[in-house]
Amino acid sequence: MNRDLTVGKPSSVLWRFCLPLFGSITFQQLYNIADSLVAGKFIGENALAAVGNSYEITLIFIAFAFGCNMGCSVVVSQRFGAKDYLQVKTAVSTAMIMTGAVCLALMAFGLITSRRLLTLLRTPQEALADSALYLDIYIWGLPFMFFYNVATGTFSALGDSRTPFIFLAISSTANIAMDILFVTVFGMGVDGVAWATFICQGVSAALAMTVILKRMKKLPAAGGKAPLFSWMLLKKIVLIAVPSTLQQSFISIGNLIIQGVINGFGTGVMAGYSASVKLNNLVITSFTTLANGISNFTAQNIGAGKTERIQQGFRAGLKMVWLLCVPFFLLYFFAGEMFIRFFLDAPTDTALQTGVIFLRILSPFYFVVSAKLAADGVLRGAGRMRQFMAATFTDLVLRVVLAIALSRTALGSAGIWCAWPVGWCIATVLSLAFYAKNFAGKKQA
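Note that the structure is predicted; figures quoted are calculated from it, not measured. (Residues numbered from 1 in each chain as written. Predicted model: local features only at pLDDT ≥ 70, side-chain atom pairs only at ≥ 80, totals over all residues. Heavy atoms only, no water.)

Undergrad: So what's going on with the layout of surface pockets? Residues and values would help.
TA: A volume near 290 Å³ is recorded for the largest pocket. The wall of the largest pocket is formed by 15 residues, among which Lys89, Ser93, Met216, Ala226 and Leu228 lie closest to the centre. Elements that contribute at least two residues to the lining of the largest pocket include exactly α3 (85-120) and α7 (190-218). Ranked by residue count, the leading element in the lining of the largest pocket is α3, at five residues. Among the residues making up the lining of the largest pocket, the classes are represented as nine nonpolar, three polar and three charged. (1 Å grid on protein atoms, 1.4 Å probe; cavity = no way out; pocket = protein on both sides within 12 Å on 5 of 7 lines; lining within 4 Å. Points joined across faces, edges and corners; volume = space filled by probe spheres on them. Helix = DSSP H or I, 4+ residues; strand = E, 2+ residues; numbered from the N terminus. Nonpolar A, V, L, I, M, F, W, Y, C, P; charged D, E, K, R; others polar.)

Undergrad: Quick one: what's the story with the pattern of salt bridges, residue by residue and with numbers?
TA: Applying the stated criterion across every chain, the model contains six salt bridges. For Asp160, the salt bridge identified is with Arg215, shortest N-O distance 3.1 Å. With Asp160 in the loop between α5 (142-157) and α6 (162-185) and Arg215 in helix α7, the pair connects residues that are 55 residues apart, well separated along the chain. A salt bridge links Arg341 to Glu337; the nearest nitrogen and oxygen atoms lie 3.0 Å apart. (Salt bridge = Lys/Arg side-chain N within 4 Å of Asp/Glu carboxyl O.)

Undergrad: Describe in detail the environment of Arg3, supporting the description with residues and values.
TA: Structurally, Arg3 is set in the segment before α1 (10-43). Judged by relative accessible area, Arg3 falls into the partly exposed class, the value being 25%. For Arg3 and Val13, which are ten residues apart along the polypeptide, the C-alpha to C-alpha distance reads 9.3 Å. (Buried < 20%, exposed > 50% of the residue type's maximum accessible area, 1.4 Å probe, protein only.)

Undergrad: Hey, could you go over the packing of aromatic side chains for me, with residue numbers and the actual values?
TA: Ring pairs (aromatic) are described by centroid distance and by the angle formed between their planes. All told, the structure shown has 23 aromatic pairs when counted by the stated rule. Site record: aromatic cluster; members linked through ring pairs are Phe287, Phe328, Tyr332, Phe339, Phe342, Tyr366 and Trp424. (Phe/Tyr/Trp six-rings, centres within 6.5 Å; stacked < 30°, edge-to-face > 60°.)

Undergrad: Provide a residue-level description of empty space enclosed by the protein, including the pertinent values.
TA: Summed over the entire model, instances satisfying the criterion amount to two cavities of 30 Å³ or more. Empty space within the second largest cavity amounts to approximately 50 Å³. Lining the second largest cavity are Tyr134, Ile137, Tyr138, Gly141, Ala194, Thr197, Phe198 and Gln201. Every element with two or more residues in the lining of the second largest cavity is listed here: α4 (125-140) and α7. Considering each element in turn, the lining of the second largest cavity owes the most residues, four residues, to α7. Across the lining of the second largest cavity, the residue classes break down as five nonpolar, three polar and no charged.

Undergrad: For unusual backbone geometry, give the residues involved together with the corresponding values.
TA: If you check the backbone angles, Lys83 has positive phi at about 65 degrees while not being a glycine. Here Lys83 shows up in the loop between α2 (45-81) and α3. Of the residues examined, Lys83 reaches a relative accessible area of 42% and is grouped as partly exposed.

Next up, the structure:
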């Protein structure tokens with residue numbers, strides 16, 4: 001069901017819209033967590049290291065899919081808020097055409113360079129074959145991921161966060177079952193968890209695209225038939241998509257550099273990091289998804305000319321992410337070892353200690369980074385992409401440089417984890433300053 005985010009009490013509207021989004025991203029993260037969980041429990045520590053190692057490369061592809069999602073979502077939100085349904089339809093079809101072209105280029109790049117990238121990551125020999133196998137299967141499934149992201153971006157733009165939640169709840173539950181089936185019953189290895197993800201993402205993408213196409217047909221078509229493609233709308237989409245992609249891409253590249261540093265400490269540290277970073281990514285991605293909801297809220301209200309609602313939406317969003325921080329901090333800081341053991345059947349002391357230290361260093365700072373992401377959501381929804389990227393790159397550069405430097409000190413691998421909070425704190429100050437400059441105490445965006 002389409003929902004107008006420009007009417008009603010902003011806090012209530014945002015809460016109703018964002019809660020299903022949070023549920024959706026929780027199930028989305030179960031895809032990756034299930035792969036790591038099954039690999040670590042039923043195959044072995046080397047398999048977990050291989051899946052975690054490949055995951056850092058898949059983040060590059062996810063970055064482009066995320067960019068397509070946000071470009072489509074923000075532009076469609078603005079047109080939907082302005083009640084310009086003809087351009088809503090054209091924006092969606094334009095985004096799909098752009099997404100198809102980007103996806104094909106990335107598939108070619110990935111299939112040609114995947115093993116070289118794994119070698120550059122200093123992947124240990126015992127994890128190289130499984131990492132390459134997992135990555136190749138993942139790349140063949142990129143069309144499913146890309147078009148699913150455009151579909152969910154469109155749903156969000158139309159104010160519908162419930163439909164993608166239903167799709168993901170079903171498909172991610174099926175993915176867990178298929179992971180276990182392929183590995184324990186069919187005797188498959190890392191390829192089993194990869195094919196399970198491939199199949200389930202394919203089904204989700206097909207269902208989502210079918211519903212979106214039907215939804216577009218039902219929108220009023222006053223003014224004639226909507227053009228299939230628009231260069232003007234493509235430019236608007238690209239102006240949002242490219243910075244969003246660059247943001248995620250540079251973060252991914254930074255993570256690859258950090259992964260290379262981590263790999264130098266051996267498979268024990270790799271396995272511990274692989275488990276703990278999945279848990280951390282569940283939190284960060286949840287914050288990011290709620291921030292995307294804030295972006296949609298901001299974009300619709302800007303399209304409708306109701307910019308005075310943006311501050312209220314930001315405050316409501318900030319309360320949401322801070323409420324989310326409390327249980328994650330308590331669970332990760334005080335019960336981190338229990339969660340790490342979920343991923344490893346018989347963890348080595350090195351793997352277990354690595355994962356626990358990682359979570360204890362990062363979890364107290366979730367309250368900081370969540371505020372940054374909420375402010376970023378407003379900046380992106382309003383099209384303030386230069387400011388959005390400035391804060392993001394500050395975080396990334398600091399994190400990479402400090403991770404390399406501190407890993408060479410007596411802190412060892414723990415020094416790498418210390419780089420995260422420093423980058424988060426400084427970037428949060430920048431994001432909040434940019435938000436305040438543009439929106440705090442103002443009636444106009």
